[in-house]
Amino acid sequence: FKRFKGALQFCIETVWELFYSDMKPAVDAQSLYDSDVFRLFFRLNSFLLSHEMLSNGKFHKQLLGLFMFRTVYYLDRVEMEMMAQLGRDVAIETWDPAQDRRSSVAALENLLQRLESVQTFLSHLQWPEPDFRQHLESRRRRLAADGMEAFAKRTQRLFISSCEKGGSGSDFHYVVPAPLCVMLNAIYTLQHRLNDCCGSTADFSVQSLYRDDISDVLLQIRENMSAKLIIKLTDSLESLMSRLARYDPKSFLSSLRSLTV
């Protein structure tokens, strides 16, 4: 039986080797920008993993070697495109509240969707080699952490700039603009989605250092934005209290003048 099994495995591997000789030129002819070629990998890899004789066999290793560089290039390209698109999205963001969307910030929605697509891609990849699979998972967490940090820092700069342009803090008529609330809520949303985007998956029990680092960054940014807004509101309240302190109950006209000065 062992001889028969060995002969059968040899025949199967020979057939797949012939298939590989035709498949490799076709795959190499595809552009590195074409992500549709991964559909072939998904199907073949899933089949090979379910087949005891073919899993981790000669053809399986050839398939992994053929797509390893494409996988790394795909993640590099996704990272560059995500960062470039993030800058454009934040620049044109209106920061207006919206009730008909999951989040009121389109730039944040686009970022989270891209991170989710990368996570889905890696889950469909099912890379069998543990070292490279762990490298891909580390890349995913780093990509998520970098994207979230970039969005948070850009939002913080816009928040501070909007606070400084939003009128003097000594104006007791000051009302917090809705965009400032939307920006602050966006940071809360990032913190809420932190475990989903930067946490370890079920395949990795190791604590993610990227998650810890970006958690501290988001907390510091949120505290800085909150402190800036509190200072703005405190100045406005002190201005109001100062005007009320000049109120003279003995003179009706003077009280009107003191409140309108």
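Residues numbered from 1 in each chain as written. Predicted model: local features only at pLDDT ≥ 70, side-chain atom pairs only at ≥ 80, totals over all residues. Heavy atoms only, no water.

Undergrad: Quick rundown of the overall build of the protein? Include the residues and the values.
TA: Across its full length, the protein holds nine helices and zero strands. Start at the N end of the protein and walk to the C end: the helices and strands fall as α-α-α-α-α-α-α-α-α. In the protein, buried positions account for 36% of the 261 residues. By element, 57% of the accessible surface of the protein is carried by carbon and sulfur atoms, the whole surface being about 15,300 Å². (Helix = DSSP H or I, 4+ residues; strand = E, 2+ residues; numbered from the N terminus. Buried < 20%, exposed > 50% of the residue type's maximum accessible area, 1.4 Å probe, protein only. Areas by Shrake-Rupley, 256 points an atom, 1.4 Å probe, with all protein chains shown as cover.)

Undergrad: Quick rundown of the nonpolar core? Include the residues and the values.
TA: Counting 59 residues, the largest nonpolar core has Met-148 and Phe-151 as its most contacted members. Elements with a contribution of two residues or more to this core: helix 1 (2–28), helix 2 (38–50), helix 3 (58–92), helix 4 (106–125), helix 5 (130–165), helix 6 (178–192), helix 7 (194–198) and helix 8 (209–245). With eleven residues, helix 3 is the largest single contributor of residues to this core. Aside from chain neighbours lying at most four places away, what touches Met-148 is Leu-111, Leu-115, Leu-190, Leu-194, Cys-197, Cys-198, Ile-214 and Leu-218. (Core = buried A, V, L, I, M, F, W, Y, C linked by side-chain atoms within 4.5 Å. Contact = heavy atoms within 4.5 Å.)

Undergrad: Requested: an account of the packing of aromatic side chains, with residues and values cited.
TA: A complete count under the given rule lists 17 aromatic pairs for this structure. Members of the aromatic cluster, each reached through a chain of ring pairs, are Phe-38, Phe-41, Phe-42, Phe-67, Tyr-74, Phe-121, Trp-127 and Phe-132. (Phe/Tyr/Trp six-rings, centres within 6.5 Å; stacked < 30°, edge-to-face > 60°.)

Undergrad: Any details on the layout of surface pockets? Residues and values, ideally.
TA: If you add up the space inside the second largest pocket, you get close to 160 Å³. At the level of elements, helix 2, helix 3 and helix 4 are the ones that each hand at least two residues to the lining of the second largest pocket. If one sorts the elements of the lining of the second largest pocket by residue count, helix 2 sits on top with three residues. Its residues assigned to classes, the lining of the second largest pocket shows four nonpolar, two polar and three charged. (1 Å grid on protein atoms, 1.4 Å probe; cavity = no way out; pocket = protein on both sides within 12 Å on 5 of 7 lines; lining within 4 Å. Points joined across faces, edges and corners; volume = space filled by probe spheres on them. Nonpolar A, V, L, I, M, F, W, Y, C, P; charged D, E, K, R; others polar.)

Undergrad: Tell me what's going on with helix 2, and back it up with residues and numbers.
TA: Helix length check: helix 2 (13 residues) gives 18 Å between terminal C-alpha atoms against 18 Å at 1.5 Å per residue, within 8%. Of the residues making up helix 2, those classed as buried are Phe-38, Phe-41, Leu-44, Asn-45 and Leu-48. Around the axis of helix 2, the buried residues are gathered within 125 degrees of arc, so they sit on the same side. More than 90 degrees from the buried face of helix 2, the exposed residues found are Arg-39, Arg-43 and Ser-50. (Expected span 1.5 Å × (residues − 1). Arc of directions from axis to C-beta.)

Undergrad: Outline unusual backbone geometry, listing residues and values.
TA: Peptide bonds are mostly trans, and most non-glycine residues show a negative phi. One non-glycine residue, Asn-56, lies in positive phi territory at about 65 degrees. For Asn-56, the location among the structural elements is in the loop between helix 2 and helix 3. A relative accessible area of 54% means that Asn-56 is categorised as exposed. Located in the positive-phi region is Trp-95, a residue other than glycine, with phi close to 60 degrees.

Undergrad: Requested: an account of the pattern of salt bridges, with residues and values cited.
TA: Inspection of every chain in the model, using the stated rule, returns twelve salt bridges. Note that Glu-17 is salt-bridged to Lys-58, the shortest N-O span being 3.3 Å. One end of the pair, Glu-17, is in helix 1; the other, Lys-58, is in helix 3, and 41 residues separate them in sequence. Residue Glu-17 is classed as partly exposed on the basis of its relative accessible area, which comes to 34%. Taking the relative accessible area as the measure of exposure, Lys-58 reaches 47% and is therefore partly exposed. Put simply, Asp-76, Glu-79, Arg-139 and Arg-142 are held in one network by salt bridges that share partners. (Salt bridge = Lys/Arg side-chain N within 4 Å of Asp/Glu carboxyl O.)

Undergrad: Which residues make up the packing of helix 2 against helix 4, and what are the values?
TA: Contact geometry for helix 2 and helix 4: axes closest at 9 Å, N-to-C directions at 40 degrees. With respect to their mutual orientation, helix 2 and helix 4 come out oblique. Contacts between helix 2 and helix 4 involve Phe-38, Phe-41, Phe-42 and Asn-45 from the first element and Phe-121, His-124 and Leu-125 from the second. For the contact of helix 2 with helix 4, the class distribution of residues is five nonpolar, two polar and no charged. (Axes fitted to C-alpha atoms, helices over the stretch in contact; angles between N-to-C directions. Parallel < 35°, antiparallel > 145°, perpendicular 65-115°, else oblique.)

Undergrad: Give me the environment of Asn-195: which residues, what numbers.
TA: Tracing the backbone through its elements, the reader meets Asn-195 in helix 7. Of the residues examined, Asn-195 reaches a relative accessible area of 53% and is grouped as exposed. Counting along the chain gives 20 residues from Asn-195 to Ser-215, while the straight-line C-alpha distance between them is 9.5 Å.

Undergrad: An account of the environment of Gln-9 is needed here, citing residue identities and associated values.
TA: Tracing the sequence through the fold places Gln-9 in helix 1. Accessibility expressed as a relative area gives 31% for Gln-9, which makes it partly exposed. Sequence spacing of Gln-9 and Gly-57 is 48 residues, and the spatial spacing of their C-alpha atoms is 9.4 Å.

Any link to function would need more than the numbers given here.
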